[in-house]
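Each chain, written out:
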Amino acid sequence: MKLKVAFSIFLLLVSTVANAQPSEGLQKINGTQLFISEAGKGEPLIVIHGGPGLNHQYFKPYLDPLAEKIKVVYYDQRACGESVIPSTDSLSLSFFVDDIEGIRKSLGVEKVNILAHSWGAILAVNYGLKYPKHVKKIILSNPVPLSLEYQAESMKMLQTRTTKQDSIERATLMNSEAFRNHDLATTEKLMKSFFLPSLYDRSKISGLKLGLSLTYHTATSALYKGLGPDLKSYNYYESIAAFSFPVLVIAGKADNIPMEAINKINQNVSNSQLVILNRSGHFPFIEEPAAFNQTVLNFLTK
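To start, this report covers the structure provided alongside it. (Residues numbered from 1 in each chain as written. Predicted model: local features only at pLDDT ≥ 70, side-chain atom pairs only at ≥ 80, totals over all residues. Heavy atoms only, no water.)

**What to know about the overall build of the protein**
Phase 1 of the analysis: Along the protein, the regular secondary structure elements total eleven helices and eight strands.
Phase 2 of the analysis: The globule rule puts the C-alpha radius of gyration for 302 residues at 19 Å, and the 20 Å found for the protein is close to it.
Phase 3 of the analysis: Taken along its principal axes, the extent of the C-alpha atoms in the protein is 80 × 50 × 40 Å.
Phase 4 of the analysis: For the protein, the proportion of its 302 residues judged to be buried stands at 53%.
Phase 5 of the analysis: In the protein, the share of contacts with a sequence separation of at least 24, taken over all contacts with a separation of at least 6, comes to 74%. (Helix = DSSP H or I, 4+ residues; strand = E, 2+ residues; numbered from the N terminus. Rg over C-alpha atoms; globule rule 2.2 N^0.38 Å. Buried < 20%, exposed > 50% of the residue type's maximum accessible area, 1.4 Å probe, protein only. Contact = heavy atoms within 4.5 Å.)

**Some thoughts on unusual backbone geometry**
Phase 1 of the analysis: With an omega of -5 degrees, the peptide bond between G51 and P52 qualifies as cis.
Phase 2 of the analysis: By secondary structure assignment, the location of P52 is in the loop between β3 (44-48) and β4 (71-75).
Phase 3 of the analysis: Backbone geometry places N30, a non-glycine residue, at a positive phi of 50 degrees.
Phase 4 of the analysis: If you trace the backbone, N30 turns up in the loop between β1 (24-29) and β2 (32-39).
Phase 5 of the analysis: According to the relative accessible area criterion, N30 is partly exposed, its value standing at 34%.

**Section: the sheet that holds strand β5 (residues 112-117)**
Phase 1 of the analysis: Within the open sheet, the eight strands sit side by side as β1-β2-β4-β3-β5-β6-β7-β8. Their pairing is mixed. If you trace the sheet from one side to the other, it starts and ends with β1 and β8 (272-277), each paired once. Shown here is a sheet whose adjacent strand axes are inclined to one another by a mean of 25 degrees, direction ignored.
Phase 2 of the analysis: Alignment of β5 against strand β6 (residues 135-141), held across six bridges, turns out to be parallel. Bridge pairing in β6 links L115 to I139.
Phase 3 of the analysis: Each of β1, β2, β3, β4 and β5 is contacted by helix α2 (residues 93-107), which is oriented at about 155 degrees to β3, the strand it contacts most.
Phase 4 of the analysis: Against the sheet, helix α3 (residues 120-130) contacts β3, β4, β5 and β6, and its axis sits at roughly 150 degrees relative to β5. (Pairing = 2+ DSSP bridges. Axes fitted to C-alpha atoms, helices over the stretch in contact; angles between N-to-C directions.)

**Describing α3**
Phase 1 of the analysis: Burial analysis of α3 places nine of its eleven residues in the buried class, the great majority of the element.
Phase 2 of the analysis: Tucked into the core, α3 has its buried residues touching β3, β4, α2, β5 and β6.

**Focus on the pairing of β2**
Phase 1 of the analysis: Burial analysis of β2 places six of its eight residues in the buried class, which makes it a mostly covered element.
Phase 2 of the analysis: Where β1 lies against β2, six bridges are found, and the strand directions are antiparallel. Bridged to Q27 within β2 is L34.
Phase 3 of the analysis: Hairpin connection from β1 to β2: two residues lie between these consecutive antiparallel strands, with N30 at a positive phi of about 50 degrees.

Here it is as C-alpha cells:
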C-alpha cells in the first residue's frame, strides 16, 4: 500500500512538472518562437530591449534584483538573441508590437507594466497606442527620440564626446580580418566602442554584456530590411498625448540623446514624470543600478 501511494505521488509530481510553464526558453508567440525568461513572482513587468538587433542579456544581472518584488519578464524580440528569425515580411513594426500583446496574453493578465530601453521605446509607444486598454504603466528608459528631427543633434553630441583614441580603435576593428569574417567578439568590441561616449563613467563599459548570438549578423541584415520602411519616417510626439496611463521617463544626464527630445515626451503626456540620473549615460541600470531599480519600484508600486 505504501509503495502504491508513493508511486501515485511520484506520478503527480511528474505531471505537475511536465505541465508547468518553463521559466526560460522558446515559446510560440504570434506565429513565431520568442525566447522568454522570467524571474520572480507577482505582477509582471515586460522588459523591452534596445537595438534593433540586441537582446535581453545586457539587462542581466542589473534588473534581476527587481524580481524580489515583482515578476520580471525578459524576452528577445523576433530575429534577436535566441528568438527565431522569421521571414522578412514578418519583421515589420506591427509584428513586433503584436508580439508584446502575445506575451501579455501568455501571462494571463488583463494589463501589463512595460519597461522599454532605447529603441525599445518605439515598440512600447506603439503598443500603448494600439492596446491602451492593456497597459497599466509604461517606463521609458533613455528612449530614442520619437521622431527623426533630433537625429542630427544626437550625432553631433556623439561626435563631440568621441575621442581620437575612440576613432582609432573603431577604424582598427572595422579594418580587421576578424571583423570582415563576422567574428562575434570583434563585433561586440566595436559596438561597445560606439556606446562608450554615451556613458558617464567609461570604465562601466566592462559591465555591458551584449551576448550576441551566433545568428547576429544574419538576423541584423533581416531586421534592417524588414523594419526599414517603418523607420524611414515617424513622429509619435503628438500621438502620445492620448496616453491616459502613467508614464515614467528615466534619463541619464550623460547620454547623447538630446534632453529636448526627452522633455518633449514628458510634456506631451499629461500623466507622466521625468527622473534624471546625474551619474549615468545611456545605460543607467549599469551605472546606477540601485537608484534605477528603486525609481522603477517606486513608480510601479505607488
